Amino acid sequence: MATPTAVLQWTADANEALSLSLVRAPEDKASLWAREVYEGFHPTFTYPIFGEEEKIYGYKDLSIQLKFASGSLAQYLNVQYSEKLPSTSTVDDIEGTISKFIPPDYYTDEKKFLERVEEDALNFKPFGQKIYSYTRAATTLTKGKNVAISQVLSPEDEETVDFEVYHSTWKTPGFREFHRRMQLFVLLYIEGGSYISEDEETWEFAVLYEKRRRRSSPDVTTYHFVGYSTLYPFYCFPERVRLRISQFLILPPYQQDGHGSALYTAIYQHVLSNPNIAELTVEDPAEAFEDLRDRNDLKMLITNEKFMREGFGPEAVSSNGGKVAHGRIKRGRGRTMRAGAGKMGPPAERAWLEKWRIELKIAGRQFNRLIEMLILKHMDPADERGLRAYRLQVKERLYRFNYEILMQLDKQDRQQKLEETFQSVVADYKRILGHVL
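Conventions adopted
Residues numbered from 1 in each chain as written. Predicted model: local features only at pLDDT ≥ 70, side-chain atom pairs only at ≥ 80, totals over all residues. Heavy atoms only, no water. Pairing = 2+ DSSP bridges. Helix = DSSP H or I, 4+ residues; strand = E, 2+ residues; numbered from the N terminus. Axes fitted to C-alpha atoms, helices over the stretch in contact; angles between N-to-C directions. Contact = heavy atoms within 4.5 Å. Buried < 20%, exposed > 50% of the residue type's maximum accessible area, 1.4 Å probe, protein only. Arc of directions from axis to C-beta. Salt bridge = Lys/Arg side-chain N within 4 Å of Asp/Glu carboxyl O. Phe/Tyr/Trp six-rings, centres within 6.5 Å; stacked < 30°, edge-to-face > 60°. Lys NZ or Arg CZ within 6 Å of the ring centre and 35° of its normal. Polar contact = N/O pair within 3.5 Å; in protein donor to acceptor, adjacent residues only side chain to side chain. Parallel < 35°, antiparallel > 145°, perpendicular 65-115°, else oblique. Nonpolar A, V, L, I, M, F, W, Y, C, P; charged D, E, K, R; others polar. Right-handed = clockwise from strand over helix to strand, strands pointing away.

1. Overview of the sheet that holds strand β10 (residues 160-169)
Next up, step 1: Here we have six strands laid out as an open sheet, ordered β9-β10-β11-β12-β13-β14, and mixed in their pairing. Where the open sheet ends on each side, the last strands, each with one partner, are β9 (129-137) and β14 (277-282). Between one strand axis and the next, the sheet turns by 25° as a mean value, whatever way the strands run.
Next up, step 2: Docked against the sheet, helix α10 (residues 287-302) engages β13 (240-250) and β14, running at close to 140° with respect to β14.

So, in structure tokens, the structure goes:
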């Protein structure tokens, strides 16, 4: 029986052993800046493939290379090691295991794979209909949170990079096969992620690509995969649908550059432009995605001049992006109010809120949270009645949302729990607002 030390010698961390690469043709690599690295990154999770412990047994100096053509996502798999134990039931069959999760046409001959990369660089084009685009200066492709997405740059500048989002369904020619190569990233980067069923015909997809001109041949453009989202429509009475974001990911080489916000914006604009969609919802969002959603939804509301003017009064909209000017406090009839205050109150006028929520196609709980953030940001701290009204407005929503849990407590504990939740929510609102305004 092997000792614990011997077992460790033959055990590798699957997340470290597995290396992923988005491989470009040589001429496309020559068009990159030194800071752009799209090869040799690692997965966040491998437990769907190698088990809960994310360990691989039976090898020394293990290196697993899984490479993708940067556009078509054609795959190449190579397993290397310095030593391997004799094959037994305890020694992991690495290629056999990974091959269960990828299409069978993957390459094991690197020369043939690189030939495919060069061929696809010129021939691959995105699937479906383009629904959104934006442009970045190549020199700004650096790592940094909350990067602003420029919509238009001079097309004459050869050092600009275009990004395009395409909408597809299972019926889009060629997309089903492309998705089979793409879906592995869900397992590797979304906790609890799983493959969706191709038998459910209603799935929709939004895929983000980088569109790059070659320095050596500016008239040649190539496409490179950045990330994607799966979308599922649910019936919404009487004749429309709610579109739910199910899976959403941006690959690590493109993260922290604002591309997640761009993809979310593309999906939201698609929802707004489609009269058959009643609202956009999200399935069990991770904390990072919830923050991304909050930031982008807030920016959308703040830049909506009509909404801000109606909500906070005629002085609500300024030339610097929709910030609300704090008015003087007026006192009358025993009620404290801000000069020029609008429908936001507090308390906010419910009928007005519902009208805007329906028009903006935002789910109810999310819209209420956004309203609470905006009121908090623009409420005068000297307005005691306003602060009390705000606290009651937020607590009422929290009470309804957590009703079953709260009703299990006695009155005193219920009030204490509600107050603790309120303070936690307000603290989180301030954190989010700090990234937006």
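The discussion continues.
2. A word on helix α12 (residues 350-360)
Next up, step 1: Where α12 is concerned, the buried positions are Trp352, Leu353, Trp356, Arg357 and Leu360. Looking straight down α12, one finds its buried side chains confined to an arc of 135°; they lie on one side. Away from its buried face, by an angle of more than 90 degrees, α12 presents the exposed residues Arg350 and Ala351.
Next up, step 2: A positive phi of about 60° marks Lys361, the residue just after α12.

3. Description of the pattern of salt bridges
Next up, step 1: Enumeration according to the criterion identifies 28 salt bridges in this entry.
Next up, step 2: Between Arg212 and Glu210 there is a salt bridge, and its shortest N-O distance comes to 2.7 Å. As far as the burial class goes, Arg212 and Glu210 line up, both buried.
Next up, step 3: A salt bridge links Glu372 to Arg397; its shortest N-O distance comes to 2.7 Å. Taken as a pair, Glu372 in helix α13 (residues 364-378) and Arg397 in helix α14 (residues 384-401) lie far apart in primary sequence, 25 residues in all. Here Glu372 matches Arg397 in class, with each residue buried.
Next up, step 4: Taken together, the shared-partner salt bridges in this structure form one network comprising Arg24, Glu36, Glu210 and Arg212.

4. Examining the packing of aromatic side chains
Next up, step 1: Tallied over the full model, the rule gives 32 aromatic pairs.
Next up, step 2: Sitting above the plane of the Trp10 ring, Lys60 keeps its charged end 4.7 Å from the centroid.
Next up, step 3: Directly above the ring of Phe401 sits Arg365, whose terminal nitrogen or CZ lies 4.7 Å from the centroid.

5. Some thoughts on the sheet that holds strand β6 (residues 63-69)
Next up, step 1: The strand order across the open sheet built from four strands is β3-β2-β6-β7, with neighbouring strands paired in mixed fashion. A single partner strand is all that each edge strand has here, and the edge strands are β3 (39-41) and β7 (75-80). For this sheet, the mean angle separating the axes of adjacent strands, direction not counted, is 25°.
Next up, step 2: Across the sheet, helix α6 (residues 110-123) is in contact with β2 (18-23), β6 and β7; its angle to β6 comes to roughly 25°.

6. A word on the side chain of Ser21
Next up, step 1: As for its placement among the helices and strands, Ser21 is situated in strand β2.
Next up, step 2: A distance of 3.0 Å separates a polar side-chain atom of Ser21 from the backbone nitrogen of Gly40.

7. A few points about the packing of helix α11 (residues 305-312) against α12
Next up, step 1: Viewed as axis vectors pointing N to C, α11 and α12 meet at an angle of 170°, and their least axial separation amounts to 12 Å. Looking at the two axes, α11 sits roughly antiparallel to α12. From α11, Lys306, Phe307, Glu310 and Gly311 reach across to α12, where they touch Trp352, Lys355 and Trp356.
Next up, step 2: Looking at the contact of α11 with α12, its residues break down into three nonpolar, one polar and three charged.

8. Description of the pairing of β2
Next up, step 1: Counting buried positions along β2 gives six out of six residues, so the element sits mostly inside the fold.
Next up, step 2: Of the two faces of β2, the one holding Leu18, Leu20 and Leu22 and the one holding Ser19, Ser21 and Val23 are both buried throughout.
Next up, step 3: Sheet topology note: the β2/β3 ladder contains two bridges and is antiparallel. By the bridge assignment for β3, Ser21 is matched with Glu39.

9. Regarding the pairing of β13
Next up, step 1: Judged from the ten bridges that link them, strand β12 (residues 221-236) and β13 form a sheet pairing that is antiparallel. Looking at the pairing, Tyr228 lines up with Leu249 of β13.
Next up, step 2: If you look at the hairpin formed by β12 and β13, you'll find three residues sitting between the two strands.
Next up, step 3: Of the strand pairs in this sheet, β13 and β14 are connected by five bridges, and their pairing is parallel. Residue Ile245 lies in a different strand from β14, and its bridge partner there is Val282.
Next up, step 4: Taken together, β13, helix α9 (residues 259-273) and β14 constitute a β-α-β crossover, and its handedness is right-handed.

Any functional reading would require information beyond the geometric quantities listed.
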